[in-house]
Amino acid sequence: MIRALFAFVLFACALAARGEEPAEPRDPDNPHARLLVVRDREGREHPVQSAVDWEIRRAEILAGMQEAMGPLPKRASGPLHVAVDEQIEGDNFVRQTISFAVEADDRVTAFLYLPRGLEEGQRRPAMLALHPTGAQGKGLVAGLAEKPNRAYGLELAQRGYVVLAPDYPTFGGLEDYDFEADDYVSGTMKGIVNHMRSVDLLQGLAEVDPQRIGVIGHSLGGHNAMFVGAFDQRLKVVVSSCGWTPFHYYYGGKLAGWTSARYMPRIADRFMLDPDRVPFDFYGVAGALAPRAFFSNSPTGDDNFDYQGVKRAEPIVREVYALLGAEDRLRIRYPDCGHDFPRELRQEAYEFIDQALAHVPDPRAPELE
């Protein structure tokens with residue numbers, strides 16, 4: 001016993017010398033962190049040992065998300081009625097300002113980037129680019145704001161992708177959206193529906209290979225990329241920058257930031273701001289992406305989404321990827337920076353996307369600044 005205690009003290013001192021803290025989980029009894037356990041009707045636990053078992057567990061995760069977000073409605077399948085309001089020529093793409101119908105009485109505004117010079121019948125992979133918080137909405141990912149590290153929509157278009165960058169409700173062209181007037185329990189679920197309809201739009205374009213579509217986002221766009229990726233398996237690669245950490249690690253478990261109409265009011269109204277009561281967590285959201293490719297940029301200085309929570313989750317999520325034979329499709333980076341998506345990480349993320357979607361970048365794409 002004394003020898004074990006001495007060994008732990010030496011280990012803790014070694015971590016302290018490197019400026020790190022011992023990896024003590026803040027949520028050791030969190031059932032959401034036990035991804036490879038499934039429960040039967042009597043509540044008895046059974047180990048998840050196969051892909052079939054995982055699909056049962058995955059369904060539990062999606063059900064928990066819907067308890068907090070509201071039910072995913074039956075998917076709309078009507079015409080999108082795309083309207084093009086403006087078109088701007090780029091070096092190797094055109095950027096259209098469009099709107100499209102997500103529901104009978106609701107339209108989304110977006111930028112659509114289309115490659116120039118495609119041969120007849122040629123199809124490209126496509127990316128859904130979800131913007132972070134900011135009044136400019138889609139303009140943030142188009143390089144139209146003062147934060148160049150957010151221009152991933154423009155940069156992916158320059159690499160030869162078809163890119164759709166929709167506005168999230170209350171931003172950009174949807175600045176007047178009223179969450180209180182719609183039929184959704186949460187703004188999060190409304191966003192998921194909008195983004196799934198965005199995938200419908202991409203799949204219907206003659207320029208797009210419908211089997212090679214992914215999603216990328218930073219901050220607000222980072223967790224929205226994960227949320228839509230969990231529900232929509234047509235998305236073959238998910239990139240989340242500064243978008244997540246388990247709830248116990250979000251400002252020390254203070255969840256008020258998740259409870260506005262833009263997000264999930266039930267976290268306050270029904271689950272009393274208690275991480276132990278919320279019926280899902282980001283362990284499961286990340287796990288639900290497997291076996292598809294998932295890249296996370298989780299900086300050590302991010303004051304919104306504590307990287308230590310991501311580090312706590314990584315080996316747990318990695319077990320799911322390993323079970324499904326896809327461990328090489330999970331990549332998580334912890335750069336030494338704040339709440340940002342720096343050039344080096346964007347470059348690595350783009351190369352990860354290229355590999356996942358079998359894309360050779362356009363040689364005319366400029367170097368990242």
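### What to know about the state of the cysteines
A covalent bond between the sulfur atoms of two cysteines is what we call a disulfide.
Alright, step 1. Inspection of the entire model under this criterion finds zero disulfides.
Alright, step 2. There is no disulfide at cysteine 242, and the cysteine sulfur nearest it, in cysteine 337, is 6.5 Å away.
Alright, step 3. A relative accessible area of 1% means that cysteine 242 is categorised as buried.

### Observations concerning the side chain of arginine 212
Alright, step 1. As for its placement among the helices and strands, arginine 212 is situated in strand β8 (residues 208–218).
Alright, step 2. Within the structure, arginine 212 has its side chain in polar contact with the side chain of aspartate 209 (distance 2.9 Å).
Alright, step 3. There is a polar contact of 3.0 Å between the side chain of arginine 212 and the backbone oxygen of leucine 357.
Alright, step 4. Contact partners of arginine 212, with chain neighbours within four places excluded, come to Arg123, Arg124, Pro125, Ala126, Leu357, Ala358 and His359.

### With respect to unusual backbone geometry
Alright, step 1. Each neighbour pair has its own omega, and for alanine 290 with proline 291 the value is 5 degrees, a cis peptide bond.
Alright, step 2. One non-glycine residue with positive phi stands out, namely tyrosine 251, at about 50 degrees.
Alright, step 3. Position of tyrosine 251 relative to the elements: it lies in the loop between β9 (235–241) and α6 (266–269).

### With respect to the confidence of the model for the chain
Reading fine detail from the predicted coordinates is not recommended where pLDDT is low.
Alright, step 1. Looking at the chain, the pLDDT average stands at 93 and 93% of residues meet or exceed 70.
Alright, step 2. Per-residue pLDDT stays below 50 along residues 1–23; that stretch engages in six contacts with residues further than four places along the chain or on separate chains.

### Some words on the pairing of strand β4 (residues 93–103)
Alright, step 1. Among the eleven residues in β4, ten count as buried, and that is most of the element.
Alright, step 2. Bridge analysis of strand β3 (residues 83–89) against β4 gives six bridges, and the strand direction is antiparallel. Counted as the bridge partner of glutamate 89 is valine 94 from β4.
Alright, step 3. The turn joining β3 and β4, which pair antiparallel and follow one another in sequence, is formed by three residues.
Alright, step 4. Where β4 lies against strand β5 (residues 106–115), ten bridges are found, and the strand directions are antiparallel. Of the residues in β5, the one forming a bridge with threonine 97 is phenylalanine 111.
Alright, step 5. If you look at the hairpin formed by β4 and β5, you'll find two residues sitting between the two strands.

### Structural notes on the packing of aromatic side chains
Alright, step 1. Following the criterion strictly, the structure yields 18 aromatic pairs and no others.
Alright, step 2. Across the ring face of phenylalanine 111, the terminal group of lysine 138 is positioned such that the distance to the ring centre comes to 5.2 Å.
Alright, step 3. Its guanidinium or amino end placed over the ring of tyrosine 334, lysine 311 lies 5.0 Å from that ring's centre, counting from NZ or CZ.

### Remarks on the side chain of threonine 97
Alright, step 1. Within the fold, threonine 97 resides in strand β4.
Alright, step 2. Classification of threonine 97 as buried rests on a relative accessible area of 16%.
Alright, step 3. In this structure threonine 97 touches Ala83, Val84, Asp85, Glu86, Ala110 and Phe111, once residues within four positions along its chain are discounted.

### Some thoughts on the sheet that holds strand β11 (residues 330–333)
Alright, step 1. Spatially, β3-β4-β5-β7-β6-β8-β9-β10-β11 is the arrangement adopted by the nine strands of the open sheet, whose pairing is mixed. Every interior strand has two partners, whereas the edge strands, β3 and β11, have only one. Strand after strand, the sheet turns through a mean of 20 degrees between neighbouring axes, direction not considered.
Alright, step 2. Lying over the sheet, helix α5 (residues 220–231) contacts β6 (124–130), β8, β9 and β10 (293–297), oriented at roughly 155 degrees with respect to β9.
Alright, step 3. Running over the sheet, helix α9 (residues 343–356) touches β6, β8, β9, β10 and β11 and is turned about 175 degrees from β10.

### Quick notes on helix α8 (residues 307–323)
Alright, step 1. For α8, with 17 residues, the first-to-last C-alpha span of 24 Å sits near the 24 Å given by 1.5 Å per residue.
Alright, step 2. When the local axis directions of α8 are compared, the greatest deviation, roughly 35 degrees, occurs at glutamate 314, which is followed within four positions by the proline proline 315.
Alright, step 3. All buried positions along α8 are accounted for by Gly309, Val310, Ala313, Glu314, Ile316, Val317, Arg318, Val320 and Tyr321.
Alright, step 4. Where α8 is buried, its residues contact α2 (51–69), α7 (282–287), β10 and β11.
Alright, step 5. At the N-terminal boundary of α8, the capping side chain belongs to aspartate 306, with an oxygen 2.9 Å from the backbone nitrogen of glutamine 308.
Alright, step 6. The first or second residue beyond α8 is glycine 325, which carries a positive phi of 70 degrees.

### Quick word on α9
Alright, step 1. If you check α9, its first and last C-alpha atoms are 20 Å apart, about what 14 residues at 1.5 Å a residue would give, namely 20 Å.
Alright, step 2. Among the residues making up α9, those that are buried are Leu345, Arg346, Glu348, Ala349, Tyr350, Phe352, Ile353 and Asp354.
Alright, step 3. Buried residues in α9 make contact with β6, α3 (152–158), β8, β9, β10 and β11.
Alright, step 4. A positive phi of about 50 degrees marks alanine 358, the residue just after α9.

### Comments concerning the packing of helix α4 (residues 187–203) against α5
Alright, step 1. Viewed as axis vectors pointing N to C, α4 and α5 meet at an angle of 65 degrees, and their least axial separation amounts to 9 Å. Comparing their axes, α5 and α4 come out roughly perpendicular. For the crossing formed where α4 meets α5, the hand is right-handed. Only Asn224, Phe227, Val228 and Phe231 of α5 make contact with α4, whose side of the interface consists of Thr188, Met189, Ile192, His195 and Met196.
Alright, step 2. Looking at the contact of α4 with α5, its residues break down into six nonpolar, three polar and no charged.

Basis of the calculations
Residues numbered from 1 in each chain as written. Predicted model: local features only at pLDDT ≥ 70, side-chain atom pairs only at ≥ 80, totals over all residues. Heavy atoms only, no water. Disulfide = S-S within 2.5 Å. Buried < 20%, exposed > 50% of the residue type's maximum accessible area, 1.4 Å probe, protein only. Helix = DSSP H or I, 4+ residues; strand = E, 2+ residues; numbered from the N terminus. Polar contact = N/O pair within 3.5 Å; in protein donor to acceptor, adjacent residues only side chain to side chain. Contact = heavy atoms within 4.5 Å. pLDDT = per-residue confidence, 0-100. Pairing = 2+ DSSP bridges. Phe/Tyr/Trp six-rings, centres within 6.5 Å; stacked < 30°, edge-to-face > 60°. Lys NZ or Arg CZ within 6 Å of the ring centre and 35° of its normal. Axes fitted to C-alpha atoms, helices over the stretch in contact; angles between N-to-C directions. Expected span 1.5 Å × (residues − 1). Bend = angle between axes of the 7 residues up to and from the residue. Parallel < 35°, antiparallel > 145°, perpendicular 65-115°, else oblique. Left-handed = near helix turned anticlockwise from the far one by under 90°. Nonpolar A, V, L, I, M, F, W, Y, C, P; charged D, E, K, R; others polar.

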